[in-house]
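Residues per chain, in single letters:
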Amino acid sequence: MNESYQRLIEGNKRFSMSKKFEDPLYFKKLSLGQKPDYLWIGCSDSRVPANEVTNTESGEIFVHRNIANLVVHTDMNLLSVLEYAVKFLEVKHIIVCGHYGCGGIRAAMSNELHGFVDNWLRNIKDVYNKNTVELEAISDIDKRTDRLTELNVIEQLRNLAKTTIVQEAWKTRQLHLHGWVYGINSGLITDLSIIHDGTEDIEPIYRFNVIKG
Ligand code: CO
């Protein structure tokens, strides 16, 4: 058997044993169901695992990850996760967490052809194009990339606010959307302090007449 593959199975045994050692009922309690307060929309990057970077446990965060943490309004995968998290799990917070040093952001900023993924990254090119004046005023390419990383998170929050799912939830309860950026080189999260709590943050054309019910 491939050694690096086997390492994961061995690691799982140690994980299971240590959790049971700390709390013999740990898995029994988890098996009863989940009631996470948070939905995490993050990058697929292997260095940004939601639970580890927030020091949380299994059962605390419902997670969706894709390349460059995008909220694309026609993405059935994202919309299904979002609906389940908001309607059934009734999460209180949705966090879009980007990260500095994101390969997806860097790729989107170049004119190189990378493959199929360029069609996905087109969403980030649109964010760049929307903010050309601000971004091109930053001459340092790393700083410009960092800023696009932040602007991308902000745009994805707006995309969340424009969904019928989030707007329907807002009619009956509180639901907070937060934008974060994780620093791979520091291990620290920067809260961009942008919170969407209602449709007043988005342009009128995107606001639905949701019936309170
Ligand atoms: Co990334």
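Caption draft 1: Here's a closer look at the packing of helix α6 (residues 117-130) against helix α8 (residues 141-161). At a closest axis distance of 9 Å, the pairing of α6 and α8 adopts a crossing angle of 105°. Taken as axis vectors, α6 and α8 run roughly perpendicular relative to one another. Residue-level contacts link Ile124, Val127, Tyr128 and Lys130 of α6 to Arg144, Leu148, Leu151, Asn152, Glu155, Gln156 and Arg158 of α8.

Caption draft 2: Representation of the domain arrangement of the chain. Domain boundaries assigned for the chain yield domain 1 (1-32) and domain 2 (34-206). Between the C-alpha centres of domain 1 and domain 2 there is a distance of 30 Å.

Caption draft 3: Geometry of unusual backbone geometry. Its identity as a non-glycine residue notwithstanding, alanine 68 has a phi of 70°, on the positive side. Note on placement: alanine 68 falls in the loop between β2 (61-66) and α4 (76-88). Even without a glycine there, the phi angle at glutamate 90 is positive, about 55°.

Caption draft 4: Looking closely at the environment of leucine 8. Residue position: leucine 8 is located in helix α1 (residues 3-22). Distance from leucine 8 to isoleucine 194, taken between C-alpha atoms, is 38 Å for residues 186 residues apart in sequence.

Caption draft 5: Broad picture of the pattern of salt bridges. For the coordinates displayed, the defined rule picks out 11 salt bridges. Its salt-bridge partner being aspartate 37, residue lysine 92 comes within 3.0 Å of it at the nearest N-O pair. With lysine 92 in the loop between α4 and β3 (93-100) and aspartate 37 in the loop between α2 (26-30) and β1 (38-43), this pair connects stretches of sequence that are 55 residues apart. Residue glutamate 155 is joined to lysine 130 by a salt bridge in which the shortest nitrogen-to-oxygen separation is 2.9 Å. With glutamate 155 in helix α8 and lysine 130 in helix α6, the pair connects residues that are 25 residues apart, well separated along the chain. Assessed through its relative accessible area of 9%, glutamate 155 is described here as buried. The exposure class assigned to lysine 130 is exposed, which follows from its relative accessible area of 54%. Put simply, Lys130, Glu155 and Arg158 are held in one network by salt bridges that share partners.

Definitions and cut-offs
- Residues numbered from 1 in each chain as written.
- Predicted model: local features only at pLDDT ≥ 70, side-chain atom pairs only at ≥ 80, totals over all residues.
- Heavy atoms only, no water.
- Axes fitted to C-alpha atoms, helices over the stretch in contact; angles between N-to-C directions.
- Helix = DSSP H or I, 4+ residues; strand = E, 2+ residues; numbered from the N terminus.
- Parallel < 35°, antiparallel > 145°, perpendicular 65-115°, else oblique.
- Contact = heavy atoms within 4.5 Å.
- Domains from an automatic or database assignment.
- Salt bridge = Lys/Arg side-chain N within 4 Å of Asp/Glu carboxyl O.
- Buried < 20%, exposed > 50% of the residue type's maximum accessible area, 1.4 Å probe, protein only.

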